[in-house]
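Summary of structural features
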Amino acid sequence: MNVLFAVWENDPFFKIGGLGDVARSLPGALKTINVDIRAMTPYYKVVKMGRNKKTKIGVCEFPYGGEKVKIEIWETTNPYTQVTAYFLKNKKYLDKVIPIGTFNHMDTWGVFNKAVVEIMKKNILNWKIDIIHVNDWHCGLIPLLVKNEKLPIKIMLTIHNLFHQGKAPLNIIKKIGIDPKLCKTLQWEIKSRQVNFLLEAIVHADIITTVSPTYAKEFLTEEFGFGLDDILRSREGQIYGILNGIDIDWRHTARSPGIRFPYGPSEKIINGKIEYYNWKEGKPLDKEFLQKKLGLKVGKDIPMFCFIGRFIEAQKGVDILHRMLRRIDQTKFQFVILGTGDKNWEERFEWFSTFYPKYISCTFRFDDTLAHQIYAASDFITIPSKYEPCGLIQMIAMLFGTIPIAHKTGGLKDSIKDGYNGFLFTSYSSEALEEKVMKAFDMWKNDKPAYVTMVQNALTTDFSWNKSAQEYLSLYEKLLKPES
């Protein structure tokens, strides 16, 4: 079984969000169960190859918008998973990264989608592809192109976040060389005369997956369907929710160089030296380290809460988090915030750290090392997302024995069991969030046995990719099964 995994980011070469983690770890897990899976990504200027050996293995040329486009194909190997990674290089079209939510350079994705299909069509890789697994809107025209070329390749689409859909002028379709009449766009968005990349992928894919069972149900509703719920409901029998996993042995706990006092469920000593501490010893030491680093009041007898994520009001719940912080006594605990996004929200949270510098710390940037130090030091992590397709931070946090307090939605509902390894609140409101925060605070202060039990449950919850990889394998097999 040969699977090409088309995706716009791939850690450690290039990563902006959780999709980069998935692009590294899911193919890695599938490779261990004998799937020959290889990733394909644009070769942006910011891609970091490091010491990885890279080889130019071919060139692909095709017409696009009245000109001949030349794409170089480079091959390397992911150093952590040993999965083959292909990078498509073209200085004019594939050099720049397009941030999430901006669509100013949609030719990047027109060219990338066309290139992927031309490479398969011409068999430049000298590798017979059975399935192409496309991810999110960035690869949304690949299913249409595959069907248009009548290639004998099955198509799986994974939707990681339905909110981001990739709308572009209709002339993108003409530049690629497709008759616009073949697009669902003409029937769906005739007034705007735009092509919706994700809509086209949903219509033309053979099978659709998303990143948690609950989200697979939620995005069929008008509230979370973002205008595509009708078209998704028409594919309902071909949609599957598979919970994402995480690499439990990669860049976490003892393996993260940023963690000063690595720890696990129990102490581990090798040759008389502590490899990592028991969490009861390690977490307080990491808390003290972080308190000193951020200028907070130093002490092990104060509970530490945190928030790590993007400042996006429409999804991440920063509005109800802010209202809660305004209302409660901010000297009873410490709150560490790490994130970036909406500048107005950054300024509002900055106000807290200005007035309560010993209790509230705000850092507005992407900082993976600091994020892991916060996971290691904190007692609780708040995840007040209005919706969350899957979420990885609750899984990473639990690896550190950091208890999640989360809104009961999407993958948060599927990965957190209320009262067992975390806290869930049902109503999306600052009052519901506050109720669970104060319940966690009370447990930490007054019921240490219950807190210890919950931490132990979190530390031992299995979030590896093993189960999820098997579910993807079953769907791959379903795709390739001859029709009766």
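Located above this text is the structure these notes cover.
This section reports on the structure supplied with the text. Bear in mind that the values here come from a model prediction, so they are computed numbers and not experimental data.

Attention shifts here to the packing of aromatic side chains. The tally for this structure, following the rule as stated, stands at 29 aromatic pairs. Ring centres 6.2 Å apart and planes at 75° place the aromatic pair Tyr-263 and Phe-400 in the edge-to-face group. Placement of Tyr-263 in strand S12 (residues 263–264) and of Phe-400 in the loop between helix H15 (393–399) and strand S19 (403–407) is noted, with a sequence separation of 137 residues between them. Considering the side-chain rings of Phe-311 and Phe-364, the 5.7 Å spacing of their centres and the 75° angle between planes classify their relative orientation as edge-to-face.

With mixed pairing, the three strands of this open sheet are ordered in space as S12-S14-S13. In this open sheet, the two strands that pair with only one neighbour each are S12 and strand S13 (268–270). Here three bridges tie S13 to strand S14 (residues 273–278), and the two strands are oriented antiparallel to one another. In the strand pairing of S14, Lys-268 is matched with Tyr-276. Sheet contacts for helix H10 (residues 279–294): S12 and S14; angle to S14, the most-contacted strand, approximately 90°.

What follows covers the packing of helix H17 (residues 430–446) against helix H18 (residues 448–459). The N-to-C vectors of H17 and H18 enclose an angle of 110°; their axes lie 6 Å apart at closest approach. On the basis of the axis angle, H17 is roughly perpendicular to H18. Judged by residue contacts, Met-443, Trp-444 and Asn-446 of H17 engage Lys-448, Ala-450, Tyr-451 and Met-454 from H18. In terms of residue class, the contact of H17 with H18 is built from five nonpolar, one polar and one charged.

Okay, the sheet that holds S19 next. Read from one edge to the other, the open sheet built from six strands follows the order S17-S16-S15-S18-S19-S20, with strand pairing classed as parallel. What marks the edges here is a single partner per strand, and that holds for strand S17 (360–363) and strand S20 (423–425). Averaged over neighbouring strand pairs, the angle between their axes works out to 15° when direction is ignored. Bridge count for strand S15 (residues 304–308) against strand S16 (residues 334–338) is five bridges, and the pairing is parallel. Each bridged residue has a counterpart across the sheet, and for Ile-308 the counterpart in S16 is Leu-338. Each of S15, S16, strand S18 (380–383) and S20 touches helix H12 (residues 318–327); the most contacted strand, S16, lies at about 155° to it. On top of the sheet, helix H14 (residues 368–377) reaches S15, S16, S17 and S18; it is set at about 150° to S15, its chief contact.

Along its 16 residues, H10 runs 22 Å from first to last C-alpha, staying within 8% of the 22 Å computed at 1.5 Å per residue. One side-chain oxygen at the N-terminal end of H10 lies 2.8 Å from the backbone nitrogen of Lys-280; it belongs to Asn-278. Trailing H10 by a residue or two, Gly-295 shows a phi angle of about 75°, which is positive.

Analysis parameters
Position numbers for residues start from 1 in each chain and track the written sequence from start to end. With pLDDT at 70 or above as the cut-off, local features in this predicted model cover only qualifying residues; side-chain atom pairs require 80 or more to be listed or tallied, and sums for whole chains, interfaces and linings still use all residues. To obtain the side-chain values, all non-hydrogen atoms of the structure were used and water was disregarded. Between the rings of Phe, Tyr and Trp (Trp by its six-membered ring), a pair exists once the centres lie within 6.5 Å; its type follows the angle of the planes, with under 30 degrees stacked, over 60 edge-to-face, and the other angles tilted. Secondary structure is summarised from DSSP: a helix means a run of H or I of at least four residues, a strand means a run of E of at least two, and numbering begins at the N terminus for each. Criterion used throughout: strands pair if DSSP finds at least two bridges between them. Any two residues whose heavy atoms approach within 4.5 Å are treated as being in contact. Axis lines are fitted to C-alpha atoms, over the contacting stretch for helices. Their N-to-C directions set the angle, which ranges from 0 to 180 degrees. Oblique is the label for every angle not falling under 35 degrees (roughly parallel), over 145 degrees (roughly antiparallel), or within 65 to 115 degrees (roughly perpendicular). Any residue outside Ala, Val, Leu, Ile, Met, Phe, Trp, Tyr, Cys, Pro, Asp, Glu, Lys and Arg is labelled polar, Gly included; the first ten of those are nonpolar and the last four are charged. To estimate how far a helix should reach, multiply one less than its number of residues by 1.5 Å. Contacts described as polar in this section are N or O atom pairs within 3.5 Å, which, within protein, must combine one atom able to donate a hydrogen with one able to accept it, while residues neighboring in sequence count only if both atoms come from side chains.

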